[in-house]
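These are the residues of each chain, in order.
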Amino acid sequence: MRNIALQLMYVGTAYHGWQVQKNAVTVAGTLEKALSSVTGHPVKCTGAGRTDAGVHAQVYVANFRTECRIPCDRFPLAVNTRLPDDIVVVRAWEMPESFNAIGSCIKKEYTYRIYNSRIRNAFFVDRAWFYPRPLDEAVMQRAAGHFVGTHDFAAVQSVGTEVQSTVRTVHYFTIARTGDLITCKVCANGFLYNMVRAMVGTCVYAAEGKFSPDAVPDILARRNRTDAGPTVPAGGLYMTRLWYDTSPLEEVVPFLEHPSFPG
């Protein structure tokens, strides 16, 4: 039995997230159907993490097991002919039996984009959060810096989710502006449900003056979701980088940033 890892990218607007659901169209369900057609048997994929309805992935990794002998370099073309245009398989690797797309992942990066202008941009609809009021990215960065490190992140976890621990380690949280586009990049060893969107919302609240950016440590210490900022819309969120403990997937980057991409 072969253990095949796939790198893919997708626009999440039309999907109810990654995870298979009985009565909704999902990325995993759509991919599994295409893979089953290629391999000739039912396929169950394990994904790198949960992405919710409307969330995108410039980088995503999934693995599945098969006895199909199709060479890895032919998997992307074979599967892509059976996928809609908004899901693309970029590469495939044969991995050790122990590899698991989520269990072997040691850290992840998400990027959140805010289109901060008085006039909305049609090309950013469902791709960035349109925010018409002024935002000071320096204040946002000051708030973001307080999230870096190992903390209890219960204050930025959506209510109703069950996990063994709400402690995570954030490696970096950077916020930068290019023209009207504010880009927020967060890397951690794992994320709670809606954690990134709530962290960004907290930084926005700090920029609005609803509390000081230096209030973030106290907000985290109180572990109360209502003390932090809002959960910002899903359409601005992208999975953008993954790190693994198994060769050749030590670092998986967006296809357009890969050294093999022409230009």
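Looking at an unreviewed UniProt entry, one finds the protein named tRNA pseudouridine synthase A and attributed to Candidatus Flavonifractor intestinipullorum. As stated in UniProt under Sequence similarities (unreviewed entry), the record for the protein gives "Belongs to the tRNA pseudouridine synthase TruA family." As its UniProt record puts it under Catalytic activity (unreviewed entry), the protein is described as follows: "uridine(38/39/40) in tRNA = pseudouridine(38/39/40) in tRNA".

**Structural notes on the overall build of the protein**
Of regular secondary structure, the protein possesses 5 helices and 11 strands. For 263 residues, the compact-globule estimate of 2.2 N^0.38 gives 18 Å, and the C-alpha radius of gyration of the protein, at 19 Å, lies within 12% of that figure. Each principal axis of the C-alpha distribution contributes one length, and for the protein these read about 60 × 40 × 40 Å. Counting across all 263 residues of the protein, residues that qualify as buried make up 51%. Taking the intrachain contacts of the protein between residues at least 6 apart in sequence as the baseline, contacts between residues at least 24 apart amount to 71%. Carbon and sulfur atoms provide 53% of the accessible area of the protein, an area that totals close to 12,500 Å². Across the protein, the mean location of the 27 positive side-chain charges is 4 Å away from that of the 23 negative side-chain charges.

**Observations regarding the side chain of Thr202**
Mapped onto the elements, Thr202 comes out in helix H4 (residues 195-207). If we ignore the near neighbours within four places in the chain, the residues touching Thr202 are Phe147, Val156, Phe211, Val216, Ala228 and Gly229.

**A word on the UniProt feature "active site" (unreviewed entry) in the protein**
The positions UniProt marks with the feature "active site" (unreviewed entry) are Asp52. Looking at where Asp52 falls in the secondary structure, it is placed in the loop between strand E2 (46-47) and strand E3 (56-66). Asp52 sits in the buried class, given a relative accessible area of 14%. When near neighbours in sequence (up to four residues on either side) are disregarded, Asp52 contacts Gly17, Tyr193, Asn194 and Arg197.

**A look at helix H3 (residues 137-145)**
Turning to H3, its buried residues are Met140, Ala143 and Ala144. Angular distribution of buried residues about the axis of H3 spans 100°; they occupy a single face of the element. Residues of H3 that are buried make contact with strand E5 (105-115), strand E8 (167-178), strand E9 (181-188), H4 and helix H5 (216-222). Residue Asp136 occupies the N-cap position of H3, its side-chain oxygen lying 2.9 Å from the main-chain nitrogen of Ala138.

**Here we look at the pattern of salt bridges**
In total, this model carries 10 salt bridges according to the counting rule given. Across the salt bridge formed by Asp52 and Arg50, the nearest N and O atoms sit 3.1 Å from each other. With its nearest N and O atoms 2.7 Å apart, the salt bridge here joins Arg223 to Asp152. Of this pair, Arg223 sits in the loop between H5 and strand E10 (237-244) while Asp152 is found in strand E7 (residues 149-152), placing the two residues 71 residues apart along the sequence. For Asp152, a relative accessible area of 23% corresponds to the partly exposed category.

**Some details on the packing of aromatic side chains**
By the definition in use, this model includes 10 aromatic pairs. Taking 6.4 Å as the distance between ring centres and 20° as the angle between the ring planes, the aromatic pair formed by Phe147 and Phe153 counts as stacked. Here Phe147 falls in the buried class, since its relative accessible area comes to 1%. The interplanar angle of 50° and the centroid separation of 5.9 Å between the aromatic rings of Phe147 and Phe173 together place this pair among those described as tilted. Here the residue Phe147 occupies a position in the loop between H3 and E7, and Phe173 occupies one in strand E8, the gap between them amounting to 26 residues. Overall, the relative accessible area of 2% leaves Phe173 in the buried class. The ring centre of Tyr193 lies 4.7 Å from the NZ or CZ of Arg50, which sits over that ring. Over the face of the ring belonging to Tyr238 we find Arg113, whose NZ or CZ atom lies 4.3 Å from the ring centre.

**Things to note about the packing of H3 against H4**
Contact geometry for H3 and H4: axes closest at 8 Å, N-to-C directions at 130°. If you check the angle between H3 and H4, you find them oblique. The element H3 and its partner H4 pack so that their crossing is right-handed. Residues Val139, Met140, Ala143 and Ala144 of H3 touch H4, and the partners they reach there are Cys203, Val204, Ala206 and Ala207. A breakdown of the residues in the contact of H3 with H4 according to their chemical character gives 8 nonpolar, no polar and no charged.

Calculation notes
Residues numbered from 1 in each chain as written. Predicted model: local features only at pLDDT ≥ 70, side-chain atom pairs only at ≥ 80, totals over all residues. Heavy atoms only, no water. UniProt positions renumbered as here; feature names shortened; annotations may be inferred. Helix = DSSP H or I, 4+ residues; strand = E, 2+ residues; numbered from the N terminus. Rg over C-alpha atoms; globule rule 2.2 N^0.38 Å. Buried < 20%, exposed > 50% of the residue type's maximum accessible area, 1.4 Å probe, protein only. Contact = heavy atoms within 4.5 Å. Areas by Shrake-Rupley, 256 points an atom, 1.4 Å probe, with all protein chains shown as cover. Lys, Arg positive; Asp, Glu negative; His and termini not counted. Charge placed at Lys NZ, Arg CZ, Asp CG, Glu CD. Arc of directions from axis to C-beta. Polar contact = N/O pair within 3.5 Å; in protein donor to acceptor, adjacent residues only side chain to side chain. Salt bridge = Lys/Arg side-chain N within 4 Å of Asp/Glu carboxyl O. Phe/Tyr/Trp six-rings, centres within 6.5 Å; stacked < 30°, edge-to-face > 60°. Lys NZ or Arg CZ within 6 Å of the ring centre and 35° of its normal. Axes fitted to C-alpha atoms, helices over the stretch in contact; angles between N-to-C directions. Parallel < 35°, antiparallel > 145°, perpendicular 65-115°, else oblique. Left-handed = near helix turned anticlockwise from the far one by under 90°. Nonpolar A, V, L, I, M, F, W, Y, C, P; charged D, E, K, R; others polar.

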